[in-house]
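Okay, here's what each chain looks like letter by letter:
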Amino acid sequence: MVKEIIGKSQSSEQVRAFISKAAKLDWPVLLFGETGVGKEVAARNIHRLSARKDSPFIPVNCASIPLTLAESELFGHCKGAFTDARDEKKGLIEDLRGGVIFLDEITEASLDLQAKLLRLLEYGEFRRIGETVIRKADARFILATNKD
């Protein structure tokens, strides 16, 4: 059952039906909607009703991560990849191990980062900054935007 969505209108029922359908599939989801309509609520419900419900749900607001740190935060980096990269670091995507990452305000991410995320969504592969090793992701992606 979908929680936290209040209303009996046809639109509310359509949203609940979408969430239930999306939860059954292990595919990436893109949520569109104005600010404040509950995209994160929808994402959390998709996760809660999915086969990945016992794995972590990590929300990331792409508008709040500085562009210079976004790639390292998501994909990780190897030692020496850039100044102050003193140690190897796993990114959020690698650290999920079967969970769900919710990338809110995805249109605020740089075009370069969006291209790398597209590769990840299409092939399930990524590289840490400074590495040539291709890694496989075991994560589900839910993305959201208020822009077309």
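Right above here is the structure, for reference.
In this report, we go over the structure that sits alongside the text.

Reading guide: rules and limits
Residues numbered from 1 in each chain as written. Predicted model: local features only at pLDDT ≥ 70, side-chain atom pairs only at ≥ 80, totals over all residues. Heavy atoms only, no water. Core = buried A, V, L, I, M, F, W, Y, C linked by side-chain atoms within 4.5 Å. Buried < 20%, exposed > 50% of the residue type's maximum accessible area, 1.4 Å probe, protein only. Helix = DSSP H or I, 4+ residues; strand = E, 2+ residues; numbered from the N terminus. Axes fitted to C-alpha atoms, helices over the stretch in contact; angles between N-to-C directions. Parallel < 35°, antiparallel > 145°, perpendicular 65-115°, else oblique. Left-handed = near helix turned anticlockwise from the far one by under 90°. Contact = heavy atoms within 4.5 Å. Nonpolar A, V, L, I, M, F, W, Y, C, P; charged D, E, K, R; others polar.

1. A look at the nonpolar core
Next up, step 1: One finds L74, F75, I93, I101, L103 and L117 to be the most contacted residues of the largest nonpolar core, which totals 19 residues.
Next up, step 2: Counting residues per element, the ones that place at least two in this core are α3 (67-75), β5 (100-104), α5 (111-123) and β8 (140-145).

2. Looking at the packing of α3 against α5
Next up, step 1: Remark: α3 packs on α5, axes separated minimally by 10 Å, with the N-to-C direction vectors making an angle of 20°. By the criterion of interaxial angle, the relationship of α3 to α5 is roughly parallel. Between α3 and α5 lies a crossing of right-handed hand. The segment α3 lies against α5, with A70, E71, L74 and F75 engaging D112, L113, K116, L117 and L120.
Next up, step 2: Broken down by class, the residue content of the contact of α3 with α5 amounts to six nonpolar, no polar and three charged.

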